[in-house]
Every structure is written in C-alpha cells, then in structure tokens.
Amino acid sequence: MAVYEKKYVWSILLRLFHWTFAPSIFTLIVTGLYIHWPWTNTWLEGSHQFTMATMRWIHFIAGMLFTCAVIARLYLWFFGNKYERVWDFLPITGRNIKNLFSTLLYYAYLTDHHEERLGHNALAGTAYFFTILLAIVQFLTGLYLLYPEGSIFTSIGATLFGTQQVARFIHYILNWYFAWFALVHIYIVVWNDVKHPEGLISSIFDGFKFVKKEQ
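Conventions used here
- Residues numbered from 1 in each chain as written.
- Predicted model: local features only at pLDDT ≥ 70, side-chain atom pairs only at ≥ 80, totals over all residues.
- Heavy atoms only, no water.
- Salt bridge = Lys/Arg side-chain N within 4 Å of Asp/Glu carboxyl O.
- Helix = DSSP H or I, 4+ residues; strand = E, 2+ residues; numbered from the N terminus.
- Buried < 20%, exposed > 50% of the residue type's maximum accessible area, 1.4 Å probe, protein only.
- 1 Å grid on protein atoms, 1.4 Å probe; cavity = no way out; pocket = protein on both sides within 12 Å on 5 of 7 lines; lining within 4 Å.
- Points joined across faces, edges and corners; volume = space filled by probe spheres on them.
- Nonpolar A, V, L, I, M, F, W, Y, C, P; charged D, E, K, R; others polar.

S.K.: Help me understand the pattern of salt bridges, please; the structure alone is not making it clear to me.
M.R.: Oppositely charged side chains may form a pair once their charged atoms are brought near each other. Counting across every chain of the model gives 2 salt bridges. Arg95 is the partner of Glu115 in a salt bridge, and the nearest nitrogen-oxygen pair spans 3.1 Å. With a gap of 20 residues between them, Glu115 in the loop between α4 (94–107) and α5 (122–146) and Arg95 in helix α4 connect regions that are remote in the sequence. Given a relative accessible area of 22%, Glu115 falls into the partly exposed group. The closest approach of N and O atoms between Glu115 and Arg117, which form a salt bridge, is 3.1 Å.

Right, dumping it as structure tokens:
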C-alpha cells in the first residue's frame, strides 16, 4: 500500500492570488458581457433603475482586484517559493520540455506515463504563463478605456493599441478567452483530482499536496 506525505507547496500569497483572480474573472466576464450587450430594461426611458452604472461600477472594482492579483503573481514568478517561480515550470530546460510533451500525451489519453510534479506541470505552467501575459494586456486595455484622456494610461494605450476602438475589440476578445480558460481549468483540475491522490483542489485552500513517500 502506497504511503503519502504532506508537502507545503503553495504560499499564502499564491493562494490569495488565486482566490482574488478566480472570482474577479467570473465577475468581469458577466459584467463585461452586460456592458457589451445590456439585456435588462436599461434602455427603457424613465426607468428608475440605472443598471448599466451599477454593472460598470462592479466591473471597475473587479478590474482593480484582477490587476492586483496579476501584479502579485508577477511578483511570485521571481520571488515566490521554488514551485511558484517561473523557471520551475516553463519549458526552458530539457526536463520541462520533456514534461510538457509527456503531459500533452497523458491528457490526450495517448500514454499512461505521467511525471508527478509538486508544483505546476510544464503544460499547466505554460498555459498560466501566457494567461498572465494576456491578463496584462486585458487590464491595460481596460485602463485605457476607463481613462481615455489626459492620463498615463492614455499614452500607454495609444502607443500599444492605437485607437480606443482597437483596444475595445481586444478587450472584448480576451473576455471570451478568459471565459474558456476558466471552463477548461475547472475541468482539468477536477479531472486531475479524481485520477490522482495528490490533493490538487485542497492544496489551493491549505497549500499542501501529497507525494508518494520513498520506501
């Protein structure tokens, strides 16, 4: 019978990042789609409600939390523990490149081999890496749209994206990316937790994973 031991993997800051990033994404998707196409009585003349203003305010607050979470994750890329730093999971070493392809084959049910990793496997880490980069683009376009005139975000936005219409289009497309990312992420996390006893889901609450003890 296999014996497992607990290993501390995710710091409190990583877990705070996750539980700020995840609900902010959900909130931004819902409010963002509403702002794009308001489906309530917002357009009714004389309505006592001002739903669009409420949605925009919630979107703004969630966007600030989203931005803070991304900054925290960027910090952990370089100053987190050994499992949280970017070079632990990016496919920039032979070991990580091998892990990337073996994980792809494993998720595609083409092999039964799977290298156990306490931190992120190379496939997940690479996906998270590019998601954070896209998150930077998302909050920069958002700040450009929020502060269109006379601010540092105007200069940055105009330099990077050109017109606000281009920035708005990028912002809208990325909204759908994060929606699909969330769905795929939840599916893979649950799938992994069912197939492996490492405690993937519980680790994002208490920071601990389980690894098979050497006999």
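S.K.: For this particular structure, what's the right way to read the layout of surface pockets?
M.R.: Rolled over the atoms, a probe with the dimensions of a water molecule shows which regions are left empty. Size it by volume and the largest pocket reaches roughly 1,200 Å³. Around the largest pocket, the lining is made up of 50 residues, and of these His18, Tyr128, Phe181, His185 and Val189 lie nearest the centre. Among the secondary structure elements, those contributing two or more residues to the lining of the largest pocket are α1 (12–36), α2 (51–79), α5, α7 (164–195) and α8 (200–206). Ranked by the residues each element gives to the lining of the largest pocket, the list is headed by α7, at 13 residues. Put simply, the second largest pocket is a space of about 710 Å³. In this structure, the second largest pocket is lined by 26 residues; those nearest its centre are Ile35, His59, Gly142, Leu145 and His171. Within the residue set of the lining of the second largest pocket, elements represented by two or more residues are α1, α2, α5 and α7. Grouping the amino acids of the lining of the second largest pocket by side-chain chemistry returns 15 nonpolar, 9 polar and 2 charged.

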